[in-house]
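# Coordinates in review
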Amino acid sequence: MRILIWHRNDLRLHDNPLYANLIAKDRVIPVFVLNPELLQNTTHGFPRLGKFRLKFLHETLCDLSRSLSQHQLNLRIFVGEPGLVIPQLVRTLGIDEVRATREHTWEEVRDEREVARNIAPVPLRLFEDRTLIPPERLPFAIGHLPDLFTEFRKKVEGYSRINMLLPDMPEVQPLEDADNTGFSSIPDDYLADGAALDSRAAFCFKGGETEALRRLDQYFFREHHVATYKETRNGLVGADYSTRFSPWLANGSLSPRKIYHELRRYEKQYGSSQNTYWVFFELLWRDYFRFVAIKYGNRIFKPGGIKNTDPFCPGNAPAFERWRSGNTGNDFVDANMRELLLTGWMSNRGRQNVASYLVKDMKICWLDGAAWFESQLIDYDVCSNYVNWMYVAGVGNDPRENRYFNTRRQAEMYDPEGTYRRIWLG
Ligand code: FAD
């Protein structure tokens, strides 16, 4: 068969269902398509895909391209609408089947539908691969997903089996005649015009599965940080207070199942504890937020969120600008916002505080904050981002009414000596 692999947020070779059951006779072309709408500015004037994300993506694609070339496959990268690029390739190359990972949010589903429609009768085969527990393994229909995480966790823990890792890709034949598509490649200089990392950044993220697997090994087996994870995970300073797996998880260069099975291997070798369990617990949050997005569809992008309320959700451009640039006058918020602005990263504790401050103290619409995170965060994931924002804004799955982060008290608790604030405000 002549197979086109349409890479999306699945930018790896390990544990990848798109490659796992190919056979030696298959002729394969891997393709990545960057939709130009992601290169446009938001209504706020900043790009949807900010420079740190773009750099991370570029590194990821370079790494994937290197790995594929070891299998004699050539990753083709285009700028264009997937609904036009993929069908053009299908026609030019006489493709028999297109494979891709299924997404669940509206722009991504729109792309899937357009591709499927425009390549018919050639099939688009979609694989569920974004979560640890596949949606079809849940012990309830997605419409019955509990609105409380704890209820969800109790239902799935112990009941939903986690799949084994998929076999490595077999050797296949390349399909190499894709030059005359009429679509441009991403200009190298555009992507390579990367973001210089601020010297204060404690961790140097590099995109690609090679680095992802290196970090996994380092965090678990080489340096045993996982053995103290639950105690350190609310930290702000240093490289290892949390796993830092999220950027690789977000674009699929690291498989959540790989983390899970490595965690089990670690526990077999060194024993299990609350600390090791808590990594699994957090991965369940990640799954949960994706399932919330599946259950509620476009409501995760609406001011009233899944609560469907009609919140007072005004814009305030000058105040938003102060928040975005780390100039609100609240030193804890500002330190976190500057770290984000200058590195594309912020800790979970920081995210909760700055989000709460924007919504509850500055009274600015949470969607504005979510848009800035979307632009900046190298681990931006549509479900994790919007559903977390809804949660903090009080229009999501938080069981507590009117949760409020007192940022002064939070600073005293999590940055008692002011070390973190001195790093970013000094
Ligand atoms: P660890 O603490 O080591 O956790 C391990 C993994 O569990 C993470 O890599 C992540 O995949 C998952 N996880 C942990 N906490 C959460 C959570 N609250 N929600 C979902 N998954 C979680 N995470 C993203 O991956 N992308 C986003 O765009 C994103 N936006 C956020 C926006 C807001 C307002 C808030 C409050 C949180 C957001 N998060 C997002 C969740 C969380 O902050 C990050 O996943 C975490 O800080 C990443 O660091 P880590 O990999 O070291 O996490």
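Before reading further, recall that the structure is shown in the block above.
Conventions used here
- Residues numbered from 1 in each chain as written.
- Predicted model: local features only at pLDDT ≥ 70, side-chain atom pairs only at ≥ 80, totals over all residues.
- Heavy atoms only, no water.
- Salt bridge = Lys/Arg side-chain N within 4 Å of Asp/Glu carboxyl O.
- Helix = DSSP H or I, 4+ residues; strand = E, 2+ residues; numbered from the N terminus.
- Buried < 20%, exposed > 50% of the residue type's maximum accessible area, 1.4 Å probe, protein only.

### What about the pattern of salt bridges?
This model, assessed by the stated rule, comprises 32 salt bridges. A salt bridge links Glu107 to Arg48; the nearest nitrogen and oxygen atoms lie 3.0 Å apart. Taken together, the residues Glu107 in helix H4 (residues 106-119) and Arg48 in the loop between strand E2 (27-34) and helix H2 (51-69) connect sequence positions 59 residues apart. Residues Glu107 and Arg48 agree in their burial class; the two are buried. Salt bridges here are not isolated pairs; linked through shared partners, they connect Arg12, Asp15, Asp129 and Arg257.

### A look at unusual backbone geometry
The omega angle of the peptide bond from Ala120 to Pro121 is 10°, so this bond is cis rather than trans. Mapped onto the secondary structure, Pro121 falls in the loop between H4 and strand E5 (124-127). The residue His224 is not glycine, and still its phi comes out positive at about 55°. Summarising the element assignment, His224 is placed in the loop between helix H7 (209-222) and helix H8 (229-232). Taking the relative accessible area as the measure of exposure, His224 reaches 28% and is therefore partly exposed. With phi around 60°, Asn308 is a residue other than glycine that occupies positive phi space. With respect to the element layout, Asn308 can be found in the loop between helix H11 (274-296) and helix H12 (317-325). Given a relative accessible area of 56%, Asn308 falls into the exposed group.

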